[in-house]
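# Remarks on the overall topology
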Amino acid sequence: MRFRIQMVLVLGLLALGGIGVRLYGLQVVKGPWYGELALRQHQRAVVTRAHRGTIHDRNGHVLALSVVRLSLFANPSRIKDPVGTAGALGNILGRPAAELEKRLRRKGYFVWLGRKLEPTQVAAIRALKVRGLGFREEIKRIYPNGSLACHVLGFSGTDNTGLEGIEARYDVALTGKPGRYRVYRNGRPRGPRLRYPELEEGRSVAGADVVLTLDLWMQYEVEQALDELVRKHAPRSATAIVLDSATGEVLALAGRPGFDPNKFSKSPRANYRCRAVTDTYEVGSTIKPLVAAAAIAEGHAQPDDEIFCENGSWRIRGRTLHDHKPFGNLTVSGIIEKSSNIGIAKVASHLGPEVLYSYLSAFGIGRSTHVGLSGEERGLMQPWSRWTSSTMVSIPMGHEIALTPMQLATAFNCLASGGVHVAPRILLRMTGSAGDSSHRFAPMQTARVFKRELVEKIMDPMLCQVVQRGTGKRAKIEGLAVAGKTGTAQKIDPETQTYSHSKHVVSFVGYAPADRRHGEPKITVMVLVDEPTKEVGGGGQVAAPVFRQIVHRIFASGRLP
Amino acid sequence: MNAILLQPRRLDDQRRLLLVVVLSLCGLGVASVYSSASGDMELLKKHLVFLCLACASIGFTAAIPLHSYRKLAPVLYGIAVILLMLVLVPGLGTKIGGARRWFRLGPVNFQPSEFMKFAMVIAVAAWCASRGPDRIRTWFRGFFPAVVLTGLPIFLVAVEPDVGTAIFLTATAWVMLFVAGISLKHVIPTACVVIPLAGMVVIERFGHVARRIEVFLHPERDPQGKGHQILQSMIGLGSGNTSGVGVGLGNQKRQFLPEASTDFIYSSMGEEVGFLGCTLTLVLFALLLTCGARIALSAIDPFAATLALGATFALVFQAAINMAVTTAILPTTGIALPFISYGGSSLVTSGALVGLLMRVGGERGKVRPWPGDETFAQPELV
């Protein structure tokens, strides 16, 4: 018996020893490996989104801001009466009860019922006191002015990433830096989490506030004018830009068709496009004053030189040019005033291709304006070495080169600014969340293109004549010297590959006040209308009245920059 | 307890060590339960109440003289068997998790198989003593009645089903019989037939056992589901490394490790106190085994010796099985770690077994020789 007891003792101790060996293997030898496994299942990285920056206009009005909204979810396993709940929620949320009921009957523990609800809806749902419903905070981007300046602002998506416009272009700055920390989680999916200070990996930094050069009030007036235009002429699209003549700051930029960034998904994607920078057009006659100025600056012409305009039909280099009506002898000023194709072709013929090209480049044609909007096109201008014999005839009348509306406004602004090319811009400043990192962007680069006297003595009067007596009469404003130029360009018909007689791009570009004895021009305004379908007419009939309305309202109000 | 405390003169080194070991284990248990309950003070309070009950049961069983146990053995055994039968009756026994193991008595759940653990140790010891060393070696008067005596309760427990406790009862009873002198010529061939047969029946009858074995062999096949428990247990132990992450700082108990304060408390402990703490626990159980065996060796008669060894084995075997399960040496059985795991029945039964050991250690002075066995030196007549 003694022996057997000792045997049990020894075997028992051996067994316990075996467990000890196993423990050593598990804890000491493979300890680090299991430690790794444990850490992987115990810790979770949590990312906190930073507050997205606000977008303001130049006067501090809010154009876009982020607010905290509550989103409604349900735990279907705890919903006792799906039919009744769905009915009540359907009334509050304004959605079909059947669809909500389907969600409430799903298997599982979590379904979204409504995202980013209005506070009144939240209060109504809370008052229902239904078990199994819950709210979670989400950030909603709000555009308080609706569709105003939609093409500039763009929008950000449900996950608060900028998708279009300024929201996309300055997304990184607006987003800020997300914070990161690690938590010890609980074995259950939604169990409590423990947060330790030593597991912080970086605090979130709020996104920068962006201040745009836009003036909300001017923007409103421009959009009103465009709405009227759309009612009257039903164009395919229309764009209007107001620049500060001296600084190139974009005071207003509007387009049609537009969209409401609060409900962007309800509009077709094509409407999101900011056509002022993404679309290019052969702009036609609006380019003529620039070519004429170049010819005068180079000494090839004087404003009073008489040029024979071939009575409306001129055959040159294998093609025939036409005017909208026959002209005999016209001065250079008269050519601009009456918008003669033949006349401007003759004026430009003395400029060599190389010189004309360098002038057009100096106006900013053929390269991006870098105004600060996303998706900008460079436009189309062949290098002069690749020009054909007819290019020298086509370009002065605004064919064979394509410009974005922004390029057209910028190029024309060379005259308004007194002969200086000023790069346009839309971003006035950015304010860091720390408050002290406010950064005001210096005015963009400038380059002199013409002498000041040329603009003051020759071009201003010439363009005022256009408005006073010429094709732009409908842009005339009593008591204000307005300089401008109309443009009516035939579009290329995609079917026939030739210029269409029914489809036009009409435009009007000008500046005011154009009398420099009383001060420099304040604003440069460009209106471009693509394919008006009702009451079809040229730039003088369709675009000039819009220009007039915009300039008149701005000067009448006295709210100049 | 009274019996010991009132006779300090007779509390010799052996029993003092035993008490120190048991109280140390209980202390570790309180700390572990407190930590694994993660601030659930209710659980800790209940554990402390159970500990008091366990101390009372040590005192109670230690106060009863050995000859009374011997006399009472058939009664205890009979009551235990009847209770085991009654618990199987659908109206009386409560079914929890597919097994009918509990009587519901008001707020308390009583498990008759726990009582059987205690009764079995006394019954087998008494039966062995009544047989004597010669008859126990025979087939018909030794081995065969032993099979019947131990087989009935084991069968009743197995059909509850509670395979873990059945295995535990089998092991304890037959180690006691082995010590009492049953012939290995009978045991080994029978075991060779019965164990595979019982294994087959169990696996056939109770799917969960087969699943547990399958999971045990390949826990990584289904880490989210069935392999979860074993994997989590190993992660808990392993991530404790040498010295642990610190008491109270473990994260496995936060719903990662199932049964963190009962069956898998050793793993939860392992995470917090590491290899050193786990080894300390292991050493304490080894000391318990040594103490128990030495008490058995110096026992007054074969009944006392068998009883002491049975009680010791019952405690250490449970501990070894539990630790082997948490370290993935054996498949999951659902056996608690004595003195440490949270749970009333386990604590009270363990306490009762310690009480038996204390009693055996205390009755060495009184002599009742067993004729013909030289194991026990003839004591001097007092």
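## Overview of the environment of Arg516(A)
Residues and elements named next belong to chain A. Within the fold, Arg 516 resides in the loop between strand S22 (499–512) and strand S23 (523–530). Distance in space between the C-alpha atoms of Arg 516 and Glu 456 is 6.8 Å, their sequence separation being 60 residues. With residues near it in sequence (within four places) discarded, Arg 516 still touches Leu 415, Ala 416, Ser 417, Gly 418, Arg 452, Val 455, Glu 456, Asp 460, Tyr 511 and Pro 521. Polar contacts involving the side chain of Arg 516 include one to the main-chain carbonyl oxygen of Ala 416, which spans 3.1 Å.

## Structural notes on the layout of surface pockets
Residue and element names in this part refer to chain A. In this model, the second largest pocket occupies a volume close to 830 Å³. Lining the second largest pocket are 34 residues; nearest its centre among them are Ser 285, Asp 323, His 324, Asn 341 and Thr 488. At six residues, the largest contribution of residues to the lining of the second largest pocket is made by strand S21 (residues 483–492).

## Let's talk about the interface of chain A and chain B
Each partner contributes residues to the interface: chain A has 35 residues there, and chain B has 50 residues. Taking both sides of the interface into account, the surface hidden between chain A and chain B amounts to around 3,700 Å²; carbon and sulfur atoms contribute 71%. Looking only at chain A, the three residues that lose the most surface to chain B are Met1(A), Arg4(A) and Gln27(A), adding up to 21% of its buried area. Linking chain A with chain B are 14 residue pairs in polar contact (both at pLDDT 80 or more). Of all the secondary-structure elements, those providing two or more residues to the side of chain A that touches chain B are helix H1 (2–29) and helix H2 (31–42) of chain A. Looking at the side of chain A that touches chain B residue by residue, the class counts come to 19 nonpolar, ten polar and six charged.

## Points about the packing of helix H6 (residues 139–158) of chain B against helix H7 (residues 163–180) of chain B
Residues and elements named next belong to chain B. At a minimum axis separation of 9 Å, H6 and H7 run at an interaxial angle of 160°. What the angle tells us is that H6 and H7 run roughly antiparallel. For the crossing formed where H6 meets H7, the hand is right-handed. Counted together, Phe 143, Ala 146, Val 147, Thr 150, Ile 154, Val 157 and Ala 158 of H6 and Thr 165, Ala 166, Leu 169, Thr 170, Ala 173, Trp 174 and Leu 177 of H7 form the full contact between these two elements. Its residues placed into classes, the contact of H6 with H7 shows eleven nonpolar, three polar and no charged.

## Comments concerning the sheet that holds strand S9 (residues 194–200) of chain A
Residues and elements named next belong to chain A. Strand order in this open sheet of three strands is S1-S8-S9, and the pairing throughout is antiparallel. The open sheet has two free edges, formed respectively by strand S1 (43–48) and S9, since each of these has just one partner strand. Neighbouring strand axes in the sheet, compared pairwise and without regard to direction, differ in orientation by 40° on average. Pairing geometry for S1 and strand S8 (residues 179–184), over six bridges, is antiparallel. Bridge pairing in S8 places Val 46 opposite Tyr 181. In the packing of H2 onto the sheet, contacts are made with S1 and S8, and the angle to S1 comes to roughly 35°.

## Concerning the packing of aromatic side chains
Residue and element names in this part refer to chain A. Counted by the stated rule, this structure contains 23 aromatic pairs over all chains. Where Phe 110 meets Trp 112, the ring centres are 5.1 Å apart and the plane angle is 80°; that geometry is what we call edge-to-face. With a relative accessible area of 28%, Phe 110 lands in the partly exposed category. Here the aromatic rings of Phe 508 and Phe 547 are separated by 4.6 Å at their centres, their planes lie at 50°, and the arrangement is tilted. In this pair, Phe 508 sits in strand S22 while Phe 547 sits in helix H18 (residues 539–557), placing the two residues 39 residues apart along the sequence. Three or more aromatic residues joined by ring pairs make a cluster, and in this case those are Phe 155, Phe 259, Phe 264 and Tyr 272. In this structure, Arg 136 is placed above the aromatic ring of Phe 73, and the distance from its NZ or CZ to the ring centre is 5.8 Å.

## Description of the side chain of Asn341(A)
All names here are of chain A. Note that Asn 341 resides in helix H13 (residues 341–348). Under the relative-accessibility criterion, Asn 341 is labelled buried at 17%. Asn 341 has contacts with Lys 288, His 322, Asp 323 and Met 397, leaving out every residue within four places of it along the chain.

## Comments concerning the environment of Ala50(A)
All names here are of chain A. Mapping Ala 50 onto the fold places it in the loop between S1 and strand S2 (55–56). Residue classification places Ala 50 among the buried residues on the basis of a relative accessible area of 15%. Those residues in contact with Ala 50 that lie beyond four places of it in its chain are Thr 175, Gly 176, Lys 177, Pro 178, Ser 204, Val 205, Ala 206 and Gly 207.

## Some remarks on the packing of helix H10 (residues 228–239) of chain B against helix H11 (residues 265–297) of chain B
Residues and elements named next belong to chain B. Packing of H10 against H11 brings their axes to within 6 Å, and their N-to-C directions diverge by 35°. Remark: the crossing between H10 and H11 carries right-handed chirality. Residues Gln 232, Ser 233, Gly 236, Leu 237 and Ser 239 of H10 lie in contact with H11, whose contacting residues are Tyr 266, Ser 267, Gly 270, Glu 271 and Cys 278. Residues of the contact of H10 with H11, tallied by class, amount to three nonpolar, six polar and one charged.

## Structural notes on the domain arrangement of chain A
Looking at the assigned domains, one finds that chain A contains domain 1 (85–131) and domain 2 (216–425 + 450–557). Computed over C-alpha atoms only, the centres of domain 1 of chain A and domain 2 of chain A are separated by 54 Å.

## Quick notes on unusual backbone geometry
In the segment running from Arg256(A) into Pro257(A), the intervening peptide bond is cis, with an omega of 0°. Mapping Pro257(A) onto the fold places it in the loop between strand S12 (250–256) and helix H10 (275–278). With an omega of 0°, the peptide bond running from Glu160(B) to Pro161(B) counts as cis. Within the secondary structure layout, Pro161(B) lies in the loop between H6 and H7.

Rules behind the numbers
Residues numbered from 1 in each chain as written. Chains lettered and ligands numbered in written order. Predicted model: local features only at pLDDT ≥ 70, side-chain atom pairs only at ≥ 80, totals over all residues. Heavy atoms only, no water. Helix = DSSP H or I, 4+ residues; strand = E, 2+ residues; numbered from the N terminus. Contact = heavy atoms within 4.5 Å. Polar contact = N/O pair within 3.5 Å; in protein donor to acceptor, adjacent residues only side chain to side chain. 1 Å grid on protein atoms, 1.4 Å probe; cavity = no way out; pocket = protein on both sides within 12 Å on 5 of 7 lines; lining within 4 Å. Points joined across faces, edges and corners; volume = space filled by probe spheres on them. Buried area = accessible area lost by both parts, 1.4 Å probe. Nonpolar A, V, L, I, M, F, W, Y, C, P; charged D, E, K, R; others polar. Axes fitted to C-alpha atoms, helices over the stretch in contact; angles between N-to-C directions. Parallel < 35°, antiparallel > 145°, perpendicular 65-115°, else oblique. Left-handed = near helix turned anticlockwise from the far one by under 90°. Pairing = 2+ DSSP bridges. Phe/Tyr/Trp six-rings, centres within 6.5 Å; stacked < 30°, edge-to-face > 60°. Buried < 20%, exposed > 50% of the residue type's maximum accessible area, 1.4 Å probe, protein only. Lys NZ or Arg CZ within 6 Å of the ring centre and 35° of its normal. Domains from an automatic or database assignment.

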